[in-house]
Amino acid sequence: SQELEQSPQSLIVQEGKNLTINCTSSKTLYGLYWYKQKYGEGLIFLMMLQKGGEEKSHEKITAKLDEKKQQSSLHITASQPSHAGIYLCGATFSSNTGKLIFGQGTTLQVKP
Amino acid sequence: NAGVTQTPKFRILKIGQSMTLQCTQDMNHNYMYWYRQDPGMGLKLIYYSVGAGITDKGEVPNGYNVSRSTTEDFPLRLELAAPSQTSVYFCASSYSRTGGEQYFGPGTRLTVT
């Protein structure tokens with residue numbers, strides 16, 4: 001079983017619609033990272049959350065970390081074709097090494 | 001700054017062959033990581049390093065070796081390639097273990113046949 005579970009695994013939305021991707025941990029997180037990946041490319045850092053209840057936004061993307069630091073959500077408002085790709089959450093569980101454990105990823109398609 | 005660079009971009013190996021995947025970063029980061037990505041499985045940590053001369057195993061180290069003789073370079077060695085090592089390999093680096101983002105290279109797509 002995965003330490004970090006993402007849902008849904010894939011998502012197809014119409015352009016302009018809102019969507020949410022969830023990332024759930026089996027234990028308390030130290031830090032939670034969101035990355036985006038376009039097919040055949042490396043990962044691009046989106047946001048990092050560390051404090052319970054924290055919320056960050058960048059353009060039309062908002063990420064939240066729950067108070068218990070075991071679940072995060074990524075919300076995209078008014079989706080655009082440029083939002084398409086694979087979204088991955090990664091987590092650290094201690095401050096010692098910075099090792100990231102990743103969820104399995106969510107593939108997002110945005111239909112024009 | 002070039003960031004994190006990886007070579008080669010693509011490689012096909014025969015079973016039993018060996019190769020080294022190169023990774024270099026020019027950001028003076030102490031922390032470096034190797035991941036593999038299989039379809040629908042996210043990324044799995046193979047090895048990591050917290051500084052020159054120090055390396056440690058990640059989640060899936062079997063069949064791989066690493067070295068870290070300089071801050072900039074962190075090569076990954078496959079000694080006896082197996083079909084199970086067909087994957088996309090990513091190298092990453094970070095300046096902090098406690099909260100900094102990891103910067104990823106573009107990846108190496110490896111096929112073992």
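In short, a report on the structure. Since this is a predicted model, take the numbers as computed values, not measurements. Within any chain, residue numbers begin from 1 and follow the written order of that chain's sequence. As a convention, the first chain written is A and the first ligand written is 1, with the rest following in written order. Under the rules for a predicted model, residues below a pLDDT of 70 receive no local features and side-chain atom pairs below 80 are neither given nor counted, while totals for whole chains, interfaces and linings still include all residues. Note that the side-chain values use all heavy atoms of the structure and ignore hydrogens as well as water.

Residue and element names in this part refer to chain B. Here, any two strands with at least 2 DSSP bridges between them count as paired. Helix and strand assignments come from DSSP, with helices taken as H or I runs of at least 4 residues and strands as E runs of at least 2, each series counted from the N terminus. Strand order in the open sheet formed by 4 strands is 1-3-8-7, and the pairing between neighbours is antiparallel. Only two strands of the sheet have a single neighbouring strand rather than two, namely strand 1 (4–7) and strand 7 (64–66). Direction aside, neighbouring strands of the sheet carry axes that sit 20° apart on average. Only the stretch in contact is used when a helix axis is fitted, and all axes are lines through C-alpha atoms; the angle between N-to-C directions ranges over 0 to 180 degrees.

All names here are of chain B. Pairs of cysteine sulfur atoms within 2.5 Å are identified as disulfides in what follows. Applying the stated criterion to the full structure yields 2 disulfides over all chains. The partner cysteine of Cys23 in its disulfide is Cys91, sulfur to sulfur 1.8 Å. For the disulfide bridge between Cys23 and Cys91, the dihedral angle about the S-S bond is near -70°, and by the sign convention the bridge is left-handed. Residue Cys23 is located in strand 3 (residues 19–25), and its partner Cys91 is located in strand 9 (residues 87–94); the two are separated by 68 residues in the primary sequence.

Turning our attention to the pattern of salt bridges. Residues and elements named next belong to chain A. The term salt bridge refers to a pairing of a side-chain nitrogen on Lys or Arg with a carboxyl oxygen on Asp or Glu at a separation within 4 Å. Under the counting rule described, the total for this entry stands at 4 salt bridges over all chains. With its nearest N and O atoms 3.0 Å apart, the salt bridge here joins Glu3 to Lys27. Within this pair, whereas Glu3 is found in the segment before strand 1 (4–7), its partner Lys27 is found in the loop between strand 3 (19–25) and strand 4 (31–37), the two being separated by 24 residues in sequence. A relative accessible area of 28% means that Glu3 is categorised as partly exposed. Residue exposure (1.4 Å probe, protein chains only): buried if accessible area is under 20% of the type maximum, exposed if over 50%, otherwise partly exposed.

Moving on, we get to the sheet that holds strand 7 (residues 61–65) of chain A. Residue and element names in this part refer to chain A. Here we have 5 strands laid out as an open sheet, ordered 1-3-8-7-6, and antiparallel in their pairing. Each end of this open sheet is capped by a strand with a single partner; those strands are strand 1 and strand 6 (55–58). Mean inter-strand twist for the sheet, computed between neighbouring axes without regard to direction, equals 15°. Where strand 6 meets strand 7, 4 bridges bridge the pair, whose relative direction is antiparallel. Of the residues in strand 7, the one forming a bridge with Glu55 is Lys64.

All names here are of chain A. Burial runs high along strand 9 (residues 85–92): 7 of the 8 residues are buried. Examined bridge by bridge, strand 4 and strand 9 share 7 bridges and lie antiparallel to one another. Residue pairing for strand 9: Tyr33 is matched across the bridge by Gly90. Across 3 bridges, strand 9 lies against strand 11 (residues 106–111) in antiparallel orientation. Considered in strand 11, the bridge of Tyr87 is made with Thr106.

Here we come to the interface of chain A and chain B. What makes two residues a contact is simply this: any of their non-hydrogen atoms within 4.5 Å. Residue-level contacts link 24 residues of chain A with 23 residues of chain B. Simply put, the buried area is the total loss of 1.4 Å probe accessible area from both parts when two parts are fitted together. Roughly 1,900 Å² of surface becomes buried between chain A and chain B when both sides are summed, with 51% attributable to carbon and sulfur atoms. Counting across the interface, chain A meets chain B through 0 salt bridges. Looking at the side of chain A that touches chain B, the elements with two or more residues in it are strand 4, strand 5 (43–49) and strand 10 (101–102) of chain A. Classifying every residue of the side of chain A that touches chain B by side-chain character gives 11 nonpolar, 11 polar and 2 charged. Here the term charged refers only to Asp, Glu, Lys and Arg, the term nonpolar to Ala, Val, Leu, Ile, Met, Phe, Trp, Tyr, Cys and Pro, and the term polar to all other amino acids, Gly among them.

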